[in-house]
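Working through the structure, step by step
Chain residues, written in single-letter form:
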Amino acid sequence: MSATTVSPAGLSAADAKADGRIPLRGHLRHTGALVRRNLLWIRQDPESMFDALLMPVVFTLLFVYVFGGSIGQALGGGQDGYVQYVIPGMIAMMSMTLSQGVGTGFSQDFNSGVMDRFRSLPIGRGSVLFAKVSVELVRMLFATTVLMIVAVLVGFDINSWPGLFAAVGLAAVFASSIMWVFLTLGVILKNAQSVQAMGFLVLFPLQFGSSIFAPTASMPGWLQAFTDYNPLSTLADAARGLMVGGPVAHDLWVTLGWSVAITAVMAPVAIHKFRTKS
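Here's a quick rundown of the structure. All of these numbers come straight from a predicted model, not from anything done at the bench.

1. Here's the deal with the overall build of the protein chain
- In terms of regular secondary structure, the protein chain is built from twelve helices and zero strands.
- When the helices and strands of the protein chain are placed in sequence order, the string is α-α-α-α-α-α-α-α-α-α-α-α.
- If one aligns the C-alpha atoms of the protein chain with their principal axes, the spans along those axes are about 80 × 40 × 35 Å.
- Taken across its 278 residues, the protein chain has 47% of its residues classed as buried.
- Here the contacts in the protein chain between residues at least 6 apart in sequence split such that 78% fall between residues at least 24 apart.
- For the protein chain, the accessible surface area stands at approximately 13,700 Å², while carbon and sulfur atoms represent 67% of it.
- Separation between the mean location of the 17 positive side-chain charges and that of the 13 negative ones in the protein chain comes to 17 Å.

Next comes the structure, spelled out in structure tokens:
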């Protein structure tokens, strides 16, 4: 009886070949089943949605009523003008902030043994990750819905419904690309706390070194150079143009370019790390 060949990372050659032989239809079926499993888990643990529910409320009220007066004056429109400015930026912020949850949840699943069970089943390894991304996108869309309800209550005018849907769709595309970064961190870091700490180090400079909360014209030159290449700035500006009015094309294409590049690099890395994690 021949022994099963096992790679140094702990993945058997037979498992890797079996994963590669699963047809696309099988991957889609596995992904759908895992999405359903994750949604049922959220239903049983509604507290896991607290961040998606409370974060848009807290951040909207904080920035509108604490900073809205002073920044709004600088914009020339007062607090009402700042509401029109910051809400599209908040959609961009939600896409980045909630993406972190996919990494912490993935790490928790590893430490609880759930991922060992998944990897013992005859399912596509990529299906596990695609299901995680899909469910986190559902959470992001829920948070965006809450954000827009609060935005209307504080005075935001929805000038273009197609523009709103296009901005949310663009944010979802960008969020899905960033989730592959956090999935990779969820695989390679030892626990959810480490993923959260690393995520904070990534999120904080990207969010506040952008045009999400304030125009970049008054920033120092070196910081403006950073914001010009910051995908959150281009996403916020594209969402602002779509929802409120203004230039869209350049920021739209730059954001899509970032999304494609990040996904092309990080999705294969995340899937490979998941397949070979011992």
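There's more to say after this.
2. Here we look at the layout of surface pockets
- Reported here for the largest pocket is a volume of approximately 810 Å³.
- Around the largest pocket, the lining comprises 30 residues; the ones closest to its centre are Asp51, Gln100, Gly101, Thr104 and Arg139.
- Residue assignment for the lining of the largest pocket shows that the elements contributing at least two residues are helix H2 (24-44), helix H3 (50-75), helix H4 (78-97), helix H5 (100-112), helix H7 (125-153) and helix H9 (192-208).
- If one sorts the elements of the lining of the largest pocket by residue count, H5 sits on top with eight residues.
- In this structure, the second largest pocket occupies an estimated 180 Å³ of space.
- What lines the second largest pocket is Leu141, Thr144, Thr145, Met148, Ile149, Val152, Ile158, Trp161, Leu164, Phe165 and Val168.
- Sorting the residues of the lining of the second largest pocket by element identifies H7 and helix H8 (161-188) as the ones contributing at least two each.
- For the lining of the second largest pocket, the element with the most residues is H7, which contributes six residues.
- Tallied by class, residues from the lining of the second largest pocket come to nine nonpolar, two polar and no charged.

3. Regarding the packing of aromatic side chains
- In this structure the tally under the stated criterion is ten aromatic pairs.
- Put simply, the rings of Phe59, Phe63, Phe67, Phe200, Phe204, Phe208 and Phe213 pair up and form one aromatic cluster.
- The ring of Tyr85 has Arg240 sitting right over it, with the charged end atom 3.8 Å from the ring centre.

4. Points about the environment of Gln100
- Along the chain, Gln100 falls in helix H5.
- Separated by 77 residues in sequence, Gln100 and Ser177 place their C-alpha atoms 12 Å apart.
- Setting aside chain neighbours within four positions, we find Gln100 in contact with Phe182, Val195, Gln196, Gly199, Phe200 and Leu203.

5. Let's talk about the side chain of Ser259
- Looking at the element boundaries, Ser259 is found in helix H12 (residues 249-276).
- Residue classification places Ser259 among the buried positions, given a relative accessible area of 2%.

6. Considerations on empty space enclosed by the protein
- Inspection of every chain in the model, using the stated rule, returns one cavity of 30 Å³ or more.
- In this structure, the largest cavity encloses a volume near 40 Å³.
- Only H2, helix H6 (114-120) and H7 provide two or more residues apiece to the lining of the largest cavity.
- Tallied by class, residues from the lining of the largest cavity come to five nonpolar, one polar and two charged.

Cut-off values and rules
Residues numbered from 1 in each chain as written. Predicted model: local features only at pLDDT ≥ 70, side-chain atom pairs only at ≥ 80, totals over all residues. Heavy atoms only, no water. Helix = DSSP H or I, 4+ residues; strand = E, 2+ residues; numbered from the N terminus. Buried < 20%, exposed > 50% of the residue type's maximum accessible area, 1.4 Å probe, protein only. Contact = heavy atoms within 4.5 Å. Areas by Shrake-Rupley, 256 points an atom, 1.4 Å probe, with all protein chains shown as cover. Lys, Arg positive; Asp, Glu negative; His and termini not counted. Charge placed at Lys NZ, Arg CZ, Asp CG, Glu CD. 1 Å grid on protein atoms, 1.4 Å probe; cavity = no way out; pocket = protein on both sides within 12 Å on 5 of 7 lines; lining within 4 Å. Points joined across faces, edges and corners; volume = space filled by probe spheres on them. Nonpolar A, V, L, I, M, F, W, Y, C, P; charged D, E, K, R; others polar. Phe/Tyr/Trp six-rings, centres within 6.5 Å; stacked < 30°, edge-to-face > 60°. Lys NZ or Arg CZ within 6 Å of the ring centre and 35° of its normal.

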